[in-house]
Amino acid sequence: MKNYEIAVILSPDLDDKSLPDMKETIKGWVSSSGGEIVLTDERGMRKMAYHIKKKREGYYISWYASLSPSGPAELEQQMRLNENILRFMIIKSDVPVQVEEKSSSIDSDSNVAEPIASTSTLEESTESDEVSDTSPDQSLDEKHEGESS
Amino acid sequence: MAFYRGSSRSYNKRPSVCQFCAEKVTQLDYKNLDILVRQIDPEGKIRPRRRTGTCARHQRMVAVAVKRARHMALLAFDRGSWI
């Protein structure tokens, strides 16, 4: 069992009923392949940088889960067939310390074993709809755009 | 082009210390757009080490993170409407 992040962009056409259904479906795929979801990071509707399937926006959500070695391949097969999934990505990734502190993950230490266990059960309570996390890291804040003209 | 070497061609001095080493960064998330936006130029290309001063290890992390962000349509592949 390795830790993965399953990132998904769902279609913006899903309404209030079918959106939770879709999420449940994906969670069902994860659990049916022997996986276990640790943390949910829901970013919500967001404008995409380019059009996908002629859609301008997408519903961003990602799950941190531990999957068996065959899990990613099975998930990929399922996701490819679903039209409501505009784009997905399954990457090896450790669970972040806390979703709210994502912006400070820049200086995150890698020993995240303890906080995971405590936050593992709260899947619904992570409603971070601020897509661009704004926390100033002082020394990183100096803009380099000026030089690159 | 060797023709220009030593002439009035301007250049920006490379920062002496890697900005990520200064922050002791161990992992870089592709969703962290605040940082990634600073690592690409107006064309949407990844900015080279010689301009940003990033060390080799962190430049690899930047490259992976930017490519993942492009795949998830968080950044554009070209001179697009990124942010």
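Residues numbered from 1 in each chain as written. Chains lettered and ligands numbered in written order. Predicted model: local features only at pLDDT ≥ 70, side-chain atom pairs only at ≥ 80, totals over all residues.

### Considering the overall build of chain A
Here is step 1: What chain A contains, in helices and strands, is three helices and four strands.
Here is step 2: Traced from its N-terminal end to its C-terminal end, chain A shows the element sequence β-α-β-β-α-β-α.
Here is step 3: Of all 149 residues assigned to chain A, the portion counted as buried reaches 21%.
Here is step 4: Long-range contacts, defined as pairs at least 24 residues apart, comprise 74% of the intrachain contacts of chain A with a sequence gap of at least 6. (Helix = DSSP H or I, 4+ residues; strand = E, 2+ residues; numbered from the N terminus. Buried ≥ 20, exposed ≤ 12 C-beta atoms within 10 Å, placed from the backbone. Contact = placed C-beta atoms within 7 Å.)

### Things to note about the confidence of the model for chain A
Here is step 1: Taken residue by residue, chain A gives an average pLDDT of 73. The fraction at 70 or more is 65%.
Here is step 2: The low-confidence segment residues 101-149 of chain A (pLDDT under 50) makes 72 contacts with residues lying over four places distant or belonging to another chain. (pLDDT = per-residue confidence, 0-100.)

### Some words on the pairing of strand β2 (residues 36-52) of chain A
Looking down a regular strand, the side chains alternate between one sheet face and the other.
Residue and element names in this part refer to chain A.
Here is step 1: Inspection of the sheet shows β2 paired to strand β3 (residues 55-67) by 11 bridges, in the antiparallel sense. Across the sheet, the residue bridging to Glu36 is Ser66, located in β3.
Here is step 2: In textbook terms, the turn of a hairpin is the stretch between consecutive antiparallel strands, and for β2 and β3 this stretch comprises two residues, one of which, Lys53, has a positive phi near 50 degrees. (Pairing = 2+ DSSP bridges.)

### Focus on the environment of B:Ala76
Here is step 1: Take B:Ala76: it is sitting in the segment after α4 (56-71).
Here is step 2: With 18 C-beta atoms packed within 10 Å, B:Ala76 lands in the partly exposed category.

### A look at the sheet that holds strand β4 (residues 85-92) of chain A
Residue and element names in this part refer to chain A.
Here is step 1: Across the sheet, which stays open at both edges, the four strands sit in the order β2-β3-β1-β4 with antiparallel pairing between neighbours. A strand with exactly one partner marks an edge of an open sheet, and here the two such strands are β2 and β4. Across the sheet, the axes of successive neighbouring strands diverge by a mean angle of 20 degrees, strand direction being ignored.
Here is step 2: As defined by bridge partners, strand β1 (residues 2-10) adjoins β3 across nine bridges and the pair is classed as antiparallel. The residue bridging Leu10 from the neighbouring strand is Tyr59, located in β3.
Here is step 3: Relative to the sheet, helix α2 (residues 71-81) contacts β1, β3 and β4, its axis offset from that of β4 by approximately 175 degrees. (Axes fitted to C-alpha atoms, helices over the stretch in contact; angles between N-to-C directions.)

### Points about unusual backbone geometry
Residue and element names in this part refer to chain A.
Here is step 1: Even without being glycine, Lys53 reaches a positive phi, approximately 50 degrees.
Here is step 2: Tracing the backbone through its elements, the reader meets Lys53 in the loop between β2 and β3.
Here is step 3: One non-glycine residue, Lys54, lies in the positive phi region at around 65 degrees.
Here is step 4: On the neighbour-count criterion, Lys54 (5 C-beta atoms within 10 Å) is exposed.

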